[in-house]
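# Structural features, examined
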Amino acid sequence: MKKTILFAISLCISLALNAQVLKTLDVTAGGLSSSLTATDLSTVTNLTLTGTIDARDFKIMRDEMPVLAVLDLSQVTIQAYNGAEGPDATQLDYPSNELPPCSFCKITSVVAQGKWSLTSVILPNNITSIGEIALGGCYNLMGNLVIPNSVTTIGDYAYDGCFRLAGTLTLSNSLVSIGRGAFSGCSVMTGSLTIPNSVTTIGSNAFNGCSRLDGTLTLPANLTSISDSAFYFCSRLTGNLSIPATVSSIGSFAFGNCGGFTGSLVLPANLTSLGSYAFYGGKFTGTLTIPTSITEIKDGTFAFGLGYSSVVFPPMLTKIGKSAFESCSAWAGVLSLPTTVSSIGDVAFNNCSKLTGISFPENLTSIGASAFSGCIGLQGTLTIPNSVLSIGESAFYSCTGLTAVNLPSTFVTIPNGIFKYCSGLSGKFILPESTTSIGPAAFASCTALNSINIPSSVTAIYQAAFSKCTSLTSIWAYKPIPVDLSSAPYVFENVPQATCTLYVPAGSKAAYQSANKWKDFTNIVEMPSLVLSAS
């Protein structure tokens, strides 16, 4: 039903436009209604005004002229008005030289509805401000959009959802402020975007979804902040991105999914705040230098940055958030973190597949889940410092190039899947004597692992812990009483139990030969009584 109604409205508008009715009037503020007959109001499609108008006249054009399509206000002056007959039901005071809030967008308790009949509006040459939602939702506006040079302020959602504006955007050279969502959803505007040097603030979502802007982005020299999602999904902007030196904060998702940038990313030296997912999905190339004033890299800030070849960290960095550098797949070499870093979040370096090594700081206390999973380029021995108290599940999942790992000497819990599919791990893996549990699939599919020492401190081993460790030749279990494996299915799945020797403490052979799943080993051998520990 709704689609049928919309089609009928569009058809009526189309028929009316094919029979254009033109009108030119010289009016005085508040007098438009009296200057038009009832027939004019219902049939005029092209209206040119001169003289003066105020907020009352905008309400007439919005609500009483159903087929108004082309509006030329270039020669009018907007006068101040105080009263309840303007277009914004919540406002009484309308200043002069401002395109009033809700000029062509009607707000109800249910919806904000733009004036669908409008295809072109030429703004007054002398206005200084475009009010909130002035033309929001006018989705049949077409062509280029030129903001007069007298405009200093563009209000929140001024052109929000004008998704048929298919030309270029030219901003006023006097512009100071761009409001929230000002051009959000203007998804077919094209060309480069140059924001005048006079602009100091860009509101959240200001250009969100302007996905066909396909040139370069030039930011103003006096800009102080870039708000959340300001340029989110401007996916075809190209070239380098240089953030002005005056910017101190960049909001969350500010440049998220701007995958068209393929040049360098230059961040200002005085940047103090960098939002989560700020550059998510960027394809910037070369070295990424993070300013020295940054102390925390938040969740997803540079995730899926497919072109960074290296990263220079700030010296006082303390925290790396979740997915901060996830899938930065061109980043090669050794990851060397500042000594001040204490925590690495979940998935922080997941699928950074060209990293060859990691130099962990001595003050590190936590490594999140899947933090380095899929880092298939890591080679050789990985040493995790004794300061680390917790490691999340699957932290090194599928790090196929690692051959050995030294865990912290006081480590207690071996997490779920921490080394699953680490098919390069070989030789003997010695668990710390502080270990109490080995999580599900902790060493599953470590197909090159030859031997593992399980200290006497271990009280729990979970399902599939050593599943598909097909090269095991020995397991050294130091607990005199076998760990109960009755609730650990597949714990030794595909382990060659006929040839892998299970070494147990002196006097414990009989206990292991009768214990669930341990008894499946053909060769159970008691260690000499002088063997006292896993080391």
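What you are looking at is a predicted structure, and each value in this text was computed from that prediction instead of being measured. Numbering of residues starts from 1 in every chain and runs along the sequence as written. Only residues with pLDDT of at least 70 get local features here, since the model is predicted, and only at 80 or more are side-chain atom pairs given and counted; chain-wide, interface and lining totals rely on the full set of residues. Side-chain numbers here rest on the full set of heavy atoms in the structure, without hydrogens or water.

### Topic: the overall build of the chain
- In this text, helices come from DSSP runs of H or I with a minimum length of four residues, and strands from runs of E with a minimum of two, each type numbered from the N-terminal end. A tally of regular secondary structure across the chain gives five helices and 41 strands.
- Whereas a compact globule of 535 residues would reach a radius of gyration of roughly 24 Å, the chain reaches 33 Å, over 25% beyond that.
- Buried positions account for 52% of the 535 residues belonging to the chain.
- Contacts were defined at the residue level, with two residues in contact if any of their heavy atoms lie within 4.5 Å. Put simply, of all contacts in the chain between residues at least 6 apart along the chain, 49% involve residues at least 24 apart.
- Only carbon and sulfur atoms are counted for the fraction: they give 53% of the accessible area of the chain, which is about 21,200 Å².
- The charged-residue count follows a simple rule in which Lys and Arg add positive charge and Asp and Glu add negative charge, with His and chain termini not counted at all. To locate a charge, take NZ of a lysine, CZ of an arginine, CG of an aspartate or CD of a glutamate. Taking the 24 positively charged and 27 negatively charged side chains of the chain as two groups, their mean positions are separated by 11 Å. Between the two quantities, the radius of gyration covers C-alpha atoms and the globule rule is 2.2 Å times the number of residues to the power 0.38. The rule is simple: take the accessible area with a 1.4 Å probe, protein chains only, and divide by the maximum for that residue type; under 20% is buried, over 50% is exposed, in between is partly exposed. With residues, only the protein chains shown are counted as cover, and all accessible areas are computed by Shrake-Rupley using a 1.4 Å probe.

### A short note on empty space enclosed by the protein
- Cavity: a set of points on a 1 Å grid over the protein atoms alone where a 1.4 Å probe fits but cannot get out. Pocket: an open set with protein on both sides within 12 Å along at least five of seven lines, its lining residues, like those of a cavity, having an atom within 4 Å of a point. Grid points are joined across faces, edges and corners, and a volume is the space filled by probe spheres set on the points. Here the structure, examined in full by the defined rule, presents two cavities of 30 Å³ or more.
- There is about 40 Å³ of room inside the largest cavity.
- In terms of lining, the largest cavity is formed by Ile454, Pro455, Val458, Ile461, Ala477, Tyr478, Lys479, Val483, Tyr512 and Trp518.
- Broken down by class, the residue content of the lining of the largest cavity amounts to nine nonpolar, no polar and one charged.
- All amino acids are sorted into three groups, where Ala, Val, Leu, Ile, Met, Phe, Trp, Tyr, Cys and Pro are nonpolar, Asp, Glu, Lys and Arg are charged, and the leftover types, Gly among them, are polar. For the lining of the second largest cavity, the residue count by class is five nonpolar, one polar and two charged.

### Structural notes on the confidence of the model for the chain
- Scored from 0 to 100, pLDDT reflects the predictor's confidence in each residue. Chain-level statistics for the chain give a pLDDT mean of 95 and a share of 96% at 70 or above.
- Across residues 1-9, confidence stays below pLDDT 50; counting only partners more than four residues off in sequence or on other chains, it has two contacts.
- Per-residue pLDDT stays below 50 along residues 530-535; that stretch engages in nine contacts with residues further than four places along the chain or on separate chains.

### Details of unusual backbone geometry
- The phi dihedral of Tyr421 falls on the positive side, at around 65 degrees, and the residue is not glycine.
- For Ser445, which is not a glycine, the phi torsion comes out positive at approximately 60 degrees.
- Here Ser445 lies in the loop between strand 36 (437-438) and strand 37 (449-454).

### So, the nonpolar core
- Residues Phe183, Phe231, Phe325 and Phe443 are the most contacted members of the largest nonpolar core, which totals 153 residues.
- The biggest single contributor to this core is strand 3 (residues 70-78), with four residues.
- Setting aside chain neighbours within four positions, we find Phe183 in contact with Leu145, Ile154, Tyr159, Leu169, Leu171, Ile178, Met189, Ala206, Phe207, Asn208 and Cys210. What we call a nonpolar core is a set of buried Ala, Val, Leu, Ile, Met, Phe, Trp, Tyr and Cys residues that are connected through their side-chain atoms within 4.5 Å.

### Things to note about the packing of aromatic side chains
- Here is the rule: rings of Phe, Tyr and Trp (six-membered ring for Trp) pair when centre to centre is within 6.5 Å. Planes less than 30 degrees apart are stacked, more than 60 are edge-to-face, and the remainder are tilted. Per the stated rule, a full pass over the model turns up 39 aromatic pairs.
- Here the aromatic rings of Phe58 and Phe104 are separated by 5.9 Å at their centres, their planes lie at 75 degrees, and the arrangement is edge-to-face. In this pair, Phe58 sits in helix 4 (residues 55-64) while Phe104 sits in the loop between strand 6 (98-99) and strand 7 (105-107), placing the two residues 46 residues apart along the sequence.
- Classification of Phe58 as buried rests on a relative accessible area of 0%.
- Look at Phe104 and you get buried, because its relative accessible area is 0%.
- Between Phe396 and Phe419, the aromatic rings sit 6.1 Å apart at their centres with planes inclined by 15 degrees, giving stacked as the arrangement. You can see Phe396 sitting in the loop between strand 32 (390-391) and strand 33 (402-406) and its partner Phe419 sitting in the loop between strand 34 (413-414) and strand 35 (427-430), a full 23 residues away along the chain.

### Quick look at the pattern of salt bridges
- Salt bridge, as applied in this entry: a Lys or Arg side-chain nitrogen positioned within 4 Å of an Asp or Glu carboxyl oxygen. Per the stated rule, a full pass over the model turns up five salt bridges.
- Of the charged contacts, one joins Asp54 and Arg56 as a salt bridge, the two residues approaching to 2.6 Å between their closest N and O atoms.
- Its salt-bridge partner being Arg180, residue Asp156 comes within 2.7 Å of it at the nearest N-O pair. Separated by 24 residues along the polypeptide, Asp156 in the loop between strand 12 (153-154) and strand 13 (169-170) and Arg180 in the loop between strand 14 (177-178) and strand 15 (193-194) bring together distant segments of the chain.

### Looking at the sheet that holds strand 37
- Strand pairing is assigned whenever DSSP identifies at least 2 bridges connecting the two strands. Across the sheet, five strands lie side by side as 35-37-39-40-41; this open sheet has parallel pairing. Since the sheet does not close on itself, it has two edges, and those belong to strand 35 and strand 41 (523-526), each with one partner. When strand polarity is set aside, the average angle formed by the axes of neighbouring strands in this sheet is 20 degrees. Helix axes are fitted only over the stretch in contact, all axes being lines through C-alpha atoms; the angle between N-to-C directions runs from 0 to 180 degrees.

### Some details on the environment of Gly427
- Along the chain, the position of Gly427 falls in strand 35.
- A C-alpha to C-alpha distance of 64 Å links Gly427 and Asp156, two positions 271 residues apart in sequence.
- When neighbours within four sequence positions are excluded, Gly427 is seen to be in contact with Ala448, Leu449, Asn450 and Ser451.

### Remarks on the side chain of Glu98
- The topology assignment puts Glu98 in strand 6.
- In this structure Glu98 is buried but unpaired, with Arg62 as the nearest side chain of opposite charge at 13 Å.
- Of the polar contacts made by the side chain of Glu98, one reaches the side chain of Ser129; its length is 3.2 Å.
- Ignoring sequence-local partners within four residues, the contact set of Glu98 consists of Ile78, Ser129 and Gly131. Pairs of N or O atoms within 3.5 Å make up the polar contacts considered here, provided that, within protein, one atom can donate a hydrogen while the other can accept it, and that residues adjacent in sequence are counted only when both atoms are side-chain atoms.

### A word on the sheet that holds strand 32
- Reading across the sheet, the five strands line up as 24-26-28-30-32 and stay open at both edges, with parallel pairing between neighbours. With one partner strand each, in any of the chains shown, strand 24 (296-297) and strand 32 form the two edges of the open sheet.
- As defined by bridge partners, strand 26 (residues 319-320) adjoins strand 28 (residues 343-344) across two bridges and the pair is classed as parallel. When the sheet's bridge partners are listed, Ile320 is paired in strand 28 with Ile344.

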